[in-house]
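Read off the chains here:
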Amino acid sequence: MDHVVVVGAGLAGVRSIEALRAGGFTGRITLIGEEHHRPYDRPPLSKAVLLGETDSTVVDSDLDALDVRLCLGTAAKGLRDGVLETTEGELEYDGLVIATGATPIRLRGEGRQHVLRTIEDALTLRERLVPGARVAVVGAGWIGAEVATAAARAGCAVTVVEAGESPLAVALGPAVGSHTTDWYARAGVELRLGAMVGTVDADGLTLMSGARVPADVVVTGIGVRPAVDWLKGSAVRLDDGVVVDEHLRTSLPNVVAVGDCANWWSRRFHARLRVEHWDTALQAPDTAAATLLGEEAVYDPVPYFWSEQFGHMVQFAGHRDAGDRMVLRGDPRRDPKWSVCWLTADDRLAAVLTVDRPRDVVQGRKIVESGRRLDPLRVADAAVALRDC
Ligand code: FAD
């Protein structure tokens, strides 16, 4: 293999390059990125950048030392066997890494709506988060909650409009999500649940019910779609992202996919997973690079992510199923630090969510990895360390 092309200059892209070099690849590497920036981290965009604590989140990776040809401001448009089509012409490859991430979903309407995916999005939104500004955030998911946190801290009058019956209902289910409802009120944020947005207008939102939410700034945080439209019509199989096996191989030879755009087969959970979180973009490239280099590597992680909202550190590890049983550790009404464990029918830990209880997530992730059985009664006792359950 002489030439590897990496498409997508985000974290998964740059990590793929590091992994290829670490794995002994000495051939040419070209990095194609639609944005005009060197790879940067996105988690701080909704945290430190919005809060005004930093302006740059560039990934600490020496692309010059890695001997990479950088093609920024260049988008991939199509793929044939061995040839990548880009806005700047065609490029032949022997190996290809697809790492094009995801793009935010927008609402209907003529009014201006901010989304939060790029550094430009974050810097533009930050300028508008001024004291007294009426900010309507659509979606009480991870991004919506973090934007509301920053906007409230900036002195804005914040309303969060959520279609579900609780915050984080899609990610965690309404029973767990409802334990975070108080956080909004305490931060002075108005939370409107069960409210569907019809359109974004020049002066705010119109809800499906006909009610209006007046706003100077509208931020849409209702999720993302994998950025794979450019692969339509190619031989790469798509289904909620790029379909890959446990080696991160696509349906096209010598083409792998990683990060937010990859939908991989998890041996551990017997399910297809597409995880839009930082840890996946960080770790999966090791497997993808090894696969390209002809090794038998398998990607089979216990997924992990975190969110910082309303002064709380929220962490999650594992993969929960609708049938898993929820066990609370601690009482969220009395104690601000609590966790939830999801147990399978045979008392194995499927997933753990923690609020300001970092030990539970560290121990829980190891337990999910080990697949060992737990005693549910001990799990329900927050005073017992999870590793001793
Ligand atoms: P991306 O970072 O999206 O990079 C993909 C790159 O590919 C982009 O630069 C894009 O422009 C480029 N691209 C797309 N299409 C093309 C094309 N056709 N041709 C060339 N280039 C293309 N995760 C957590 O675990 N915890 C957090 O607290 C957290 N906070 C977040 C906050 C924000 C605001 C955002 C947006 C994400 C957050 N995440 C968080 C998620 C995490 O940042 C992502 O999972 C991670 O960035 C995915 O990396 P990636 O390289 O797969 O994709």
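Bear in mind that the values here come from a model prediction, so they are computed numbers and not experimental data.

Engineer: Help me out: how do you make sense of the site of the ligand in this one?
Structural biologist: Surrounding the ligand, one finds 35 residues, the nearest of these being Glu 35, Arg 42, Lys 47, Arg 117 and Asp 260. Ala 76 places a main-chain nitrogen or oxygen 2.8 Å from a nitrogen atom of the ligand. Here an oxygen atom of the ligand and a side-chain polar atom of Arg 117 are 2.7 Å apart. Coverage of the ligand by the protein amounts to 94% of the 1000 Å² it exposes when considered alone. Elements supplying a minimum of two residues to the shell around the ligand: helix 1 (11-22), strand 2 (28-33), helix 3 (142-153), helix 7 (278-292) and strand 21 (304-309). In terms of domain composition, the shell around the ligand takes at least three residues from each of domain 1 (3-103 + 225-292) and domain 2 (106-220).

Engineer: Could you clarify how one ought to interpret the pairing of strand 12 (residues 197-201) in this entry?
Structural biologist: Where strand 12 and strand 13 (residues 204-207) come together, four bridges link them in antiparallel fashion. Residue pairing for strand 13: Val 197 is matched across the bridge by Leu 207. Between strand 12 and strand 13, which pair antiparallel one after the other, the connecting turn spans two residues.

Engineer: Is there a simple way to think about the sheet that holds strand 4 (residues 76-80) in this case?
Structural biologist: Within a sheet, neighbouring strands are paired by backbone hydrogen bonds and run either parallel or antiparallel to one another. Spatially, the three strands line up as an open sheet ordered 4-5-6, and their pairing is antiparallel. Strands with a single pairing partner mark the edges of an open sheet, and in this sheet they are strand 4 and strand 6 (89-92). Averaged over all pairs of adjacent strands, the angle between strand axes in this sheet comes to 25 degrees, irrespective of strand direction. Pairing analysis gives four bridges linking strand 5 (residues 83-86) to strand 6, with the strands arranged antiparallel. For Thr 86, the partnering residue across the bridge sits in strand 6 and is Gly 89.

Engineer: Looking at this model, I keep getting lost on helix 3. Mind explaining?
Structural biologist: Because each turn of an α-helix spans 3.6 residues, side chains separated by three or four positions in sequence point in the same direction. Look at helix 3: 17 Å from first C-alpha to last across 12 residues, which is about the 16 Å you get at 1.5 Å a residue. Of all 12 residues making up helix 3, nine are buried, and the element is well covered by its neighbours. Positive phi shows up at Gly 155, right after helix 3, with a value of about 90 degrees.

Engineer: Whenever I open this one, the packing of aromatic side chains confuses me. Can you help?
Structural biologist: The geometry of an aromatic ring pair is captured by two quantities: the separation of the ring centres and the angle between the planes. Inspection of every chain in the model, using the stated rule, returns six aromatic pairs. Centre to centre, the rings of Phe 316 and Trp 342 are 5.8 Å apart; their planes meet at 55 degrees, and the pair counts as tilted. In this pair, Phe 316 is assigned in strand 22 (residues 312-318) and Trp 342 in strand 24 (residues 338-343), connecting sequence segments 26 residues apart. Here Phe 316 matches Trp 342 in class, with each residue buried.

Engineer: What is the right way to look at the nonpolar core in this model?
Structural biologist: It is characteristic of soluble globular proteins that their nonpolar side chains tend to be buried jointly. With 70 residues, the main nonpolar core has Leu 79, Leu 84, Leu 96 and Ile 98 as its most contacted residues. With six residues, helix 1 is the largest single contributor of residues to this core. Residues from two domains meet in this core; each of domain 1 (3-103 + 225-292) and domain 3 (311-388) gives at least three. The residues contacting Ile 98, other than those within four sequence positions of it, are Val 7, Trp 230, Leu 231, Val 236, Val 242, Thr 250, Val 255, Val 256, Ala 257, Val 258 and Cys 261. Ala 122, Val 135, Leu 168 and Val 340 belong to the second-largest nonpolar core, a separate cluster that totals 42 residues.

Engineer: I would appreciate a short explanation of helix 8 (residues 358-370) in the present structure.
Structural biologist: Between its first and last C-alpha atoms helix 8 spans 19 Å; for 13 residues at 1.5 Å apiece the expected length is 18 Å, and the two agree. Taken as a whole, helix 8 has its buried residues at Asp 360, Val 361, Gln 363, Gly 364, Ile 367 and Val 368. Considering only its buried residues, helix 8 is in contact with strand 21, strand 22, strand 23 (325-329), strand 24 and strand 25 (349-355). One or two positions beyond helix 8, positive phi appears at Gly 371, with a value near 75 degrees.

Engineer: Hey, could you run me through the domain arrangement of the chain in this one?
Structural biologist: Many structure descriptions define interface size as the accessible area lost when the parts assemble. If you check the domain split of the chain, you get domain 1 (3-103 + 225-292), domain 2 (106-220) and domain 3 (311-388). A straight line from the C-alpha centre of domain 1 to that of domain 3 covers 32 Å. At the junction of the two partners, domain 1 supplies five residues and domain 3 supplies six residues. Regarding the contact of domain 1 and domain 3, the summed buried area is about 390 Å², with carbon and sulfur atoms giving 61% of it. Counting across the interface, domain 1 meets domain 3 through one salt bridge. With a closest N to O distance of 2.9 Å, Asp 279 and Arg 365 form a salt bridge. Between domain 1 and domain 3 we count two residue pairs in polar contact (both at pLDDT 80 or more) in total. Classifying every residue of the side of domain 1 that touches domain 3 by side-chain character gives three nonpolar, no polar and two charged.

How each quantity is defined
- Residues numbered from 1 in each chain as written.
- Predicted model: local features only at pLDDT ≥ 70, side-chain atom pairs only at ≥ 80, totals over all residues.
- Heavy atoms only, no water.
- Near = heavy atom within 4 Å.
- Polar contact = N/O pair within 3.5 Å; in protein donor to acceptor, adjacent residues only side chain to side chain.
- Areas by Shrake-Rupley, 256 points an atom, 1.4 Å probe, with all protein chains shown as cover.
- Helix = DSSP H or I, 4+ residues; strand = E, 2+ residues; numbered from the N terminus.
- Domains from an automatic or database assignment.
- Pairing = 2+ DSSP bridges.
- Axes fitted to C-alpha atoms, helices over the stretch in contact; angles between N-to-C directions.
- Expected span 1.5 Å × (residues − 1).
- Buried < 20%, exposed > 50% of the residue type's maximum accessible area, 1.4 Å probe, protein only.
- Phe/Tyr/Trp six-rings, centres within 6.5 Å; stacked < 30°, edge-to-face > 60°.
- Core = buried A, V, L, I, M, F, W, Y, C linked by side-chain atoms within 4.5 Å.
- Contact = heavy atoms within 4.5 Å.
- Buried area = accessible area lost by both parts, 1.4 Å probe.
- Salt bridge = Lys/Arg side-chain N within 4 Å of Asp/Glu carboxyl O.
- Nonpolar A, V, L, I, M, F, W, Y, C, P; charged D, E, K, R; others polar.

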